[in-house]
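A closer look at the structure
Single-letter residue listing:
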Amino acid sequence: MNVHWRKFLKGELIENGIAPMIYRSWQRSVGYNVNHTEISQNMILTTSQLRELKDAQEDIIRAAESVLPHLGKLLQSANYTVLLGEKKGFILEALGDGPFLTKAQKIHLSPGANWREDIKGTNAIGTALTEDCPIIVSGCEHFVQENHFMSCWAAPIHDLRGEIVGFIDISGETGNHQEQIIGIAILGARLIEQNLRTLDIERQLKFYREGAKLAIDLLKEGFISIDRFGIVTNISPSGASLIGRQRNDIIGKPVAEVFSAPKGWMVNNQALDLHLKNQSGHEIVSSWRRVADESGDFLGAFGTVQLTEPQTAGPVWVGSSPSSQQVMERVYKAAAAPSSLLIQGESGTGKEIVARMIHDFSSFREGPFVALNCAALPSSLLESELFGYADGAFTGSRRGGQPGKFELAHQGTIFLDEIGDMPLTAQVALLRVLQEKEVTRIGGTKPHKVNVRIIAATHKDLKSLVEAKMFRLDLYYRLKVITIELPPLRERLEDIRDLVPYFIQKSCTLNQFACFGIEDNVYPYLYAYSWPGNVRELENCIESMIAMADSHVLTVDDLPWELRQTPDSKRIESPSLLDQQTKQTILAALAQTQGKIAPAARLLGIGRNTLYRKIKEFDISVL
Ligand SMILES: Nc1ncnc2c1ncn2[C@@H]1O[C@H](COP(=O)(O)OP(=O)(O)OP(=O)(O)O)[C@@H](O)[C@H]1O
């Protein structure tokens, strides 16, 4: 070979005995004016330049991390050096030991040096990169004499698009030449290419996962995905909000824990049918699309969740706080008796809902439910509305007269809202109807028998009105045979967790929007607010948030101004169940003892001072 090299340098033609790739590279080396005895000008990076280059070549270094030690092991104690480099010919990493390493370092076959053909003449690294194929360059095949002492095997590394991104080189002394080492270099390059592909797939997956996350967050419908083991892998905020649980509380759980899933559903059933009741007792339906691989094996499923069509048939009380549970208990009891009933509670606490529920559950349910707001009409009109008027009762009255609400409510329920605003004259007439169970139209003489259940409601304190002589005591006792007290929303904050998803769904259905989600950090603001308008105000608040929202997930920014003020630290957390129950127990004891502290303390089995402390702590007002 030495002979060929010398002949070539003298410009004598070589017919045979030299590989065409080597011959082409020698020709290129001459063209580059490479000095054939020794390299006059190496290209070597400083330590910081090498560090920068390695940072830029992070992918190839990461991909080679697991491969280089294996190659090193294969060639262990055989006196070789394994090199990893980048596409421009710079060596990035070197592995090996033994005497060859010292010799290699002398000719800069080490990290930071560039082994391009135009610098180093024919060599395995530069020529493999130029020819884009694996190559062996042995002894005198190197164009520069100072490299004749070694044999080198190199293979280029390609990326997914087939572009060269680097190389693997194995070098040793010529006396150590073994043809099959090229196989090890090629294997190393292929393994690194595989790892680069995996890195690329991981990045693509991350990209798709992030995209899917973004899409899910903005998704209008409740969206849920499960893997092949039936574990929930994701749920949209709107889905979690519908179910009434936190996202983190659902993700990672078996789907059967979230829904009531029949066993084996995911293997056998195409159409998955999972049912669920949320905390407010509303039925949630889900529909699923199964995903399978080519052989039909189940990979997972994507589903949408939504509330079943809202029940238009009857009013619904939403809320699972202890206070709400007590209200419902009284509603069921009150419905069973035909007695008159008084519902008391601040405006917007749900008095009309309760009245309608009692009607629906009572023996009067087949009859009509007739509502009248006593505060909305002037005194004269109120009486004719209630009792009707006879033909010619007053100028302009309708011919033949008109029946009043009592006659219209016959066999059903009459709901007298804002009864505290009823004028005294109307109160007298009402009392008569209650006593005699018949009405006589204004200006008429003929009484009409009426069988009507009376439910009255007020946000005012009727007892004080009686004391102020603005409400008749006898009527008061007639009406309050059964009483139901509706606590203000600020005293049953837990209901907010049930009411919010319910109102979101209600508003979306009404406006024909797809469902919205709500961020969890909105709740502390809802707990901190005092809700003077109670549940009605909360309903309006949700409706306005939906109208103003930029995306399908409601955020703190969508809250009305008055709610966006810093939440009061005392109430930033949802009140604990224990606190709620303690407060309820104290309230119940005080109600039983008409607000008297000593008997209430005895009833509760605690000292008077402890009860005073608790009353202060829970902000209970004692009359
Ligand atoms: N527990 C509840 N569950 C679901 N919706 C409720 C609940 N409480 C109140 N609402 C809703 O809040 C709004 C006000 O309720 P409602 O009219 O029954 O209150 P109210 O006490 O009669 O008010 P007002 O005294 O001003 O007449 C209604 O839209 C009602 O549907």
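Predicted model, so just to flag it, every value in this text is computed and none were measured. (Residues numbered from 1 in each chain as written. Predicted model: local features only at pLDDT ≥ 70, side-chain atom pairs only at ≥ 80, totals over all residues. Heavy atoms only, no water.)

Overview of the packing of helix α21 (residues 495-510) against helix α23 (residues 534-548)
- Axis separation between α21 and α23 bottoms out at 9 Å; the angle between their running directions is 50°. Here α23 runs oblique to α21, going by the angle between their axes. The handedness of the crossing between α21 and α23 comes out as right-handed. Contacts from I496, L499, V500, F503, I504, K506, S507 and C508 of α21 reach α23 at V535, L538, E539, I542, E543 and I546. (Axes fitted to C-alpha atoms, helices over the stretch in contact; angles between N-to-C directions. Helix = DSSP H or I, 4+ residues; strand = E, 2+ residues; numbered from the N terminus. Parallel < 35°, antiparallel > 145°, perpendicular 65-115°, else oblique. Left-handed = near helix turned anticlockwise from the far one by under 90°. Contact = heavy atoms within 4.5 Å.)

Looking at the packing of helix α16 (residues 379-387) against helix α18 (residues 424-436)
- Where α16 contacts α18, the axes come no closer than 9 Å and their chain directions differ by 15°. Between α16 and α18, the angle falls in the class roughly parallel. Crossing of α16 against α18: the hand is right-handed. When α16 is examined against α18, the residues S379, L382, E383 and F387 are found in contact with a partner set consisting of T425, A426, A429, L430 and V433.

Considerations on α18
- Taking 1.5 Å as the rise per residue, α18 with 13 residues should run 18 Å; its terminal C-alpha atoms sit 19 Å apart, in good agreement.
- Those residues of α18 that sit buried are A426, Q427, A429, L430, L431, V433 and L434.
- Count one or two residues on from α18 and you reach K437, which has phi positive near 55°. (Expected span 1.5 Å × (residues − 1). Buried < 20%, exposed > 50% of the residue type's maximum accessible area, 1.4 Å probe, protein only.)

Details of unusual backbone geometry
- Positioned with a positive phi, H108 is a non-glycine residue whose angle comes to about 60°.
- By secondary structure assignment, the location of H108 is in the loop between α6 (99-106) and α7 (117-120).
- Note on H108: relative accessible area 29%, which makes it partly exposed.
- One non-glycine residue, K469, adopts positive backbone phi at about 60°.
- As for its position among the elements, K469 is in the loop between α19 (462-467) and α20 (473-479).

A short note on the site of the ligand
- Close to the ligand lie 19 residues, the nearest being V318, S347, K351, R536 and E539.
- Here an oxygen atom of the ligand sits 3.0 Å away from a polar atom, N or O, in the main chain of G348.
- Taking E539, its side chain carries an N or O atom lying 2.7 Å from an oxygen atom of the ligand.
- In isolation the ligand exposes 630 Å². Once the protein is present, 87% of that is buried.
- Listing elements by their share of the shell around the ligand, those giving two or more residues are α15 (351-361), α21 and α23. (Near = heavy atom within 4 Å. Polar contact = N/O pair within 3.5 Å; in protein donor to acceptor, adjacent residues only side chain to side chain. Areas by Shrake-Rupley, 256 points an atom, 1.4 Å probe, with all protein chains shown as cover.)

Comments concerning the pattern of salt bridges
- Per the counting criterion, the structure on display carries 20 salt bridges.
- Across the salt bridge formed by R28 and E117, the nearest N and O atoms sit 2.6 Å from each other. With R28 in helix α2 (residues 20-31) and E117 in helix α7, the pair connects residues that are 89 residues apart, well separated along the chain.
- Three or more residues joined by partner-sharing salt bridges are found here, namely R24, R28, E117 and E131. (Salt bridge = Lys/Arg side-chain N within 4 Å of Asp/Glu carboxyl O.)

A look at the sheet that holds strand β12 (residues 369-373)
- Spatially, five strands are ordered β12-β15-β18-β11-β19 in an open sheet, and the strand pairing comes out parallel. Each edge of the open sheet carries a strand with a single partner, namely β12 and β19 (482-486). The sheet shows a mean angle of 15° between the axes of neighbouring strands, taken without regard to direction.
- Examined bridge by bridge, strand β15 (residues 413-417) and strand β18 (residues 453-458) share four bridges and lie parallel to one another. Bridge pairing links I414 to I454 in β18.
- Its contacts with the sheet put α15 on β11 (341-345), β12, β15, β18 and β19, and the angle it makes with β11 is roughly 155°. (Pairing = 2+ DSSP bridges.)

Thoughts on the sheet that holds strand β3 (residues 135-138)
- Overall, antiparallel pairing links the five strands, which are arranged β2-β1-β5-β4-β3 in an open sheet. At either margin of the open sheet sits one strand with a lone partner, and together these are β2 (91-96) and β3. Looking at each pair of strands side by side, their axes are set apart by 20° on average, direction ignored.
- Strand direction decides the pairing type here: β3 and strand β4 (residues 150-158), joined by four bridges, are antiparallel. Within β4, the position partnered with I136 by the bridge is W153.
- Where α6 meets the sheet, it contacts β1 (80-86), β2, β4 and β5 (164-173), and its direction lies at approximately 120° from that of β5.

Side note on the side chain of R492
- Mapped onto the fold, R492 is located in the loop between β19 and α21.
- Looking at R492, its side chain comes within polar contact range of the main-chain oxygen of T349, at 3.4 Å.
- Discounting residues that sit within four places of it in the chain, R492 has contacts with W317, S321, S323, S324, T349, P487, V535 and Q580.

Description of the confidence of the model for the protein chain
- When pLDDT is averaged along the protein chain, the result is 84, and 88% of the positions lie at 70 or above.
- Confidence, expressed as mean pLDDT per element, reaches its minimum in the protein chain at helix α13 (residues 265-268) with 40 and its maximum at helix α8 (residues 124-131) with 97.
- In the model, residues 261-271 has pLDDT below 50 throughout and makes 17 contacts with residues more than four positions away in sequence or in other chains. (pLDDT = per-residue confidence, 0-100.)

A short note on the packing of aromatic side chains
- Within the structure shown, the criterion is met by 13 aromatic pairs.
- Both rings, one in F387 and one in F406, keep their centres 6.1 Å apart while their planes meet at 10°; by these two values the pair is stacked. Remark: F406 occurs in helix α17 (residues 405-408) and F387 occurs in helix α16; sequence separation between them is 19 residues.
- F387 gets classed as buried once you look at its relative accessible area, which sits at 5%.
- Seen in terms of ring centroids, Y529 and W531 are 4.7 Å apart; in terms of plane orientation they differ by 90°. Their pairing is edge-to-face.
- In this structure Y529 comes out as buried when scored by relative accessible area, which is 15%.
- By the ring-pair criterion, three or more aromatic residues cluster together here, those being F8, Y23 and W26. (Phe/Tyr/Trp six-rings, centres within 6.5 Å; stacked < 30°, edge-to-face > 60°.)

Digging into a nonpolar patch on the surface
- A cluster of nonpolar side chains, L74, L187 and L191, forms an exposed patch at the surface whose accessible area comes to about 270 Å².
- For L74, the position within the fold is in helix α5 (residues 68-74).
- On the accessibility criterion, L74 (55% relative accessible area) is exposed. (Patch = residues over 30% accessible without salt bridge, like charges linked within 9 Å, V, L, I, M, F, W, Y side chains within 5 Å.)

Looking at the side chain of D558
- Along the chain, D558 turns up in the loop between β21 (553-554) and α24 (577-592).
- There is no salt bridge for the buried D558, and the closest opposite charge comes from R564, which lies 8.0 Å off by N-O distance.
- Within the structure, the side chain of D558 is placed 2.9 Å from the backbone nitrogen of T555, a separation counted as a polar contact.
- D558 has contacts with M545, M548, A549, D550 and V553, leaving out every residue within four places of it along the chain. (Lys, Arg positive; Asp, Glu negative; His and termini not counted.)

Digging into the nonpolar core
- Within the largest apolar cluster, 31 residues are counted, with the highest numbers of intra-cluster contacts made by L386, F406, L416, I419 and F471.
- Element by element, the count of residues in this core is highest for α18, at six residues.
- One finds I496, I518, A549 and L554 within the second-largest nonpolar core, a separate group that totals 30 residues. (Core = buried A, V, L, I, M, F, W, Y, C linked by side-chain atoms within 4.5 Å.)

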